[in-house]
Amino acid sequence: MCTAATYKTKDFYMGRTLDYECSYGEEVTITPRGYTFMMRHGKPYQTKYALIGMAHVAGEYPLYYDAINEKGLGMAGLNFVGNAFYTEPAEGKDNVAQFELIPWILGQCTSVKEARVLLERICITNISFHESMPVSSLHWIIADQDEAITLESVREGIKIYDNPVGVLTNNPPFDRQLAGLNRYMGLSAKQPKNTFGGANELPLQAYSRGMGALGLPGDLSSESRFVRVSFVKMNSLSGDSESESVSQFFHILGSVDQQRGCCEVKEGAYEITIYTSCCNASKGIYYYTTYENHQITAVDMNKEDLNAKKLIRFPLVCGEQIRWQN
Ligand SMILES: C[C@H](CCC(=O)NCCS(=O)(=O)O)[C@H]1CC[C@H]2[C@@H]3CC[C@@H]4C[C@H](O)CC[C@]4(C)[C@H]3C[C@H](O)[C@]12C
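All figures in this text were calculated on a predicted structure; none of them were measured in a lab.

Side note on the pattern of salt bridges
- What the rule picks out here adds up to 10 salt bridges.
- Linking R33 and E70 is a salt bridge whose minimum nitrogen-to-oxygen distance equals 2.8 Å. Highlighted residues: R33 in the loop between β3 (27-31) and β4 (36-37) and E70 in the loop between β7 (61-69) and β8 (74-79), separated in sequence by 37 residues.
- For R33, a relative accessible area of 29% gives the class partly exposed.
- Since its relative accessible area comes to 25%, E70 is described here as partly exposed.
- Where D94 meets R121, a salt bridge forms, and the shortest distance between an N and an O atom there is 3.1 Å. Residue D94 is found in strand β9 (residues 94-97), and its partner R121 is found in the loop between α2 (112-119) and β10 (122-125); the two are separated by 27 residues along the sequence.

A closer look at the sheet that holds strand β11 (residues 138-143)
- The strand order β13-β12-β11-β8-β7-β6-β3-β20 describes an open sheet built from 8 strands, whose pairing is antiparallel. This sheet does not close on itself; its edge strands, each paired only once, are β13 (157-162) and β20 (312-315). On average, each strand axis in the sheet is inclined to that of its neighbour by 30 degrees, with strand direction left out of account.
- Sheet topology places β8 next to β11; 6 bridges connect them, and they run antiparallel. Its bridge partner being in β11, G74 is matched across the sheet by A143.

Looking at the sheet that holds strand β1 (residues 2-8)
- Strand order in the open sheet formed by 6 strands is β14-β1-β2-β17-β18-β19, with antiparallel pairing between adjacent strands. The open sheet has two free edges, formed respectively by β14 (167-168) and β19 (293-300), since each of these has just one partner strand.
- In this structure, strand β2 (residues 12-20) lies alongside strand β17 (residues 272-280), joined through 6 bridges in antiparallel fashion. In the sheet register, T17 faces β17, and the bridge partner there is T276.

Examining the nonpolar core
- Counting residues in hydrophobic clusters, the biggest one holds 49 residues, and the most contacted among them are V28, I52, M54 and Y286.
- Residues within four places of M54 in sequence aside, it is in contact with E26, E27, V28, L63, Y64, Y65, D66, Y275, Y286, Y288 and L316.
- Membership of the second largest hydrophobic core comes to 40 residues, among which are M75, A84, L106 and I122.

Topic: a nonpolar patch on the surface
- A cluster of nonpolar side chains, contributed by F196, L202 and L204, occupies part of the molecular surface with about 300 Å² of accessible area.
- Here L202 shows up in the loop between α3 (174-180) and α4 (222-235).

Focus: the pairing of β13
- Bridge analysis of strand β12 (residues 148-154) against β13 gives 6 bridges, and the strand direction is antiparallel. When the sheet's bridge partners are listed, I149 is paired in β13 with D162.
- Remark: 2 residues form the turn of the hairpin made by β12 and β13, two consecutive strands paired antiparallel.

Examining the side chain of R16
- The residue R16 is located in strand β2 in this model.
- A distance of 3.0 Å separates the side chain of R16 from the side chain of D66, its partner in a polar contact.
- Only 2.7 Å separates the side chain of R16 from the backbone oxygen of G77, close enough to count as a polar contact.
- Residues within four places of R16 in sequence aside, it is in contact with C2, T3, A4, Y65, D66, A76, G77, L78, L253, Y275, T276 and S277.

Thresholds, definitions, all that
Residues numbered from 1 in each chain as written. Predicted model: local features only at pLDDT ≥ 70, side-chain atom pairs only at ≥ 80, totals over all residues. Heavy atoms only, no water. Salt bridge = Lys/Arg side-chain N within 4 Å of Asp/Glu carboxyl O. Helix = DSSP H or I, 4+ residues; strand = E, 2+ residues; numbered from the N terminus. Buried < 20%, exposed > 50% of the residue type's maximum accessible area, 1.4 Å probe, protein only. Pairing = 2+ DSSP bridges. Axes fitted to C-alpha atoms, helices over the stretch in contact; angles between N-to-C directions. Core = buried A, V, L, I, M, F, W, Y, C linked by side-chain atoms within 4.5 Å. Contact = heavy atoms within 4.5 Å. Patch = residues over 30% accessible without salt bridge, like charges linked within 9 Å, V, L, I, M, F, W, Y side chains within 5 Å. Areas by Shrake-Rupley, 256 points an atom, 1.4 Å probe, with all protein chains shown as cover. Polar contact = N/O pair within 3.5 Å; in protein donor to acceptor, adjacent residues only side chain to side chain.

Here's what the structure looks like:
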């Protein structure tokens, strides 16, 4: 499972957790401006804008899981197994393989508004990057400081949903996730009021703090994570400085963190939160933590040459960085 969320203070932030039982060997990767992608179905394409994100780099090809570009547009791919449906290339469409989609959008759009226009012509194809790699079943959140959308390619075709909560998890499809929130609209950060009233009011008592959100689902299913992270995000308060915003963002995604041992995917294999990211999309900074490194590590794209010819790659800093005080 994975969870993605957006957050706005002075700047615009977007990030995700990547939950899985094994890592694909990912790195923080900057694709510079003017980088050429040999498209599977059409003419080679050159990025107009630089992007930074988490990618598995195969040869010189960045297979992005999530990224932001230098214009403040961000995008993340999350598992959508059993519902994602990609097709053969179609006449008169922009035919883009699933693994080409993030650089295709972020390399040429400055906003969700522009992405919506490009997506009117999109056909997401089912070709794999390499025979050794399966085609991932994904759906995507695309967001900027003004709005977020969810992109799904399903059996009936391409679906683009407004995403007013700025959150995405996995199954079921997004419209059902959003409708699921209706069941929880009574949850509150405030103490509950006794409504067992009438003539003979029961003497009920809020004997603990936090009882206003009793009923918030605590399990790791994707529907529950959707509700939980939405509740946390919508109630979230923080200062608007960089460190307060980044800190709060990691706390928001911390509400759906997966600890090893709690979600068995097959005999002896457990899903964990492999990494958590927080991008300052306004400033081009990629922050991350990993399962075994709680210290926040950051890469600032603007400290690099964004007109470079090659990918700029940062292997993840792994292993706990403990600051000893004595
Ligand atoms: C496994 C991850 C989703 C985690 C998740 O959601 N786990 C819950 C399972 S579940 O929800 O319970 O079912 C996804 C998210 C992004 C993916 C990469 C995208 C680029 C590239 C695309 C190529 O085609 C195949 C290789 C490739 C490197 C992909 C590998 C893998 O697929 C990645 C990491």
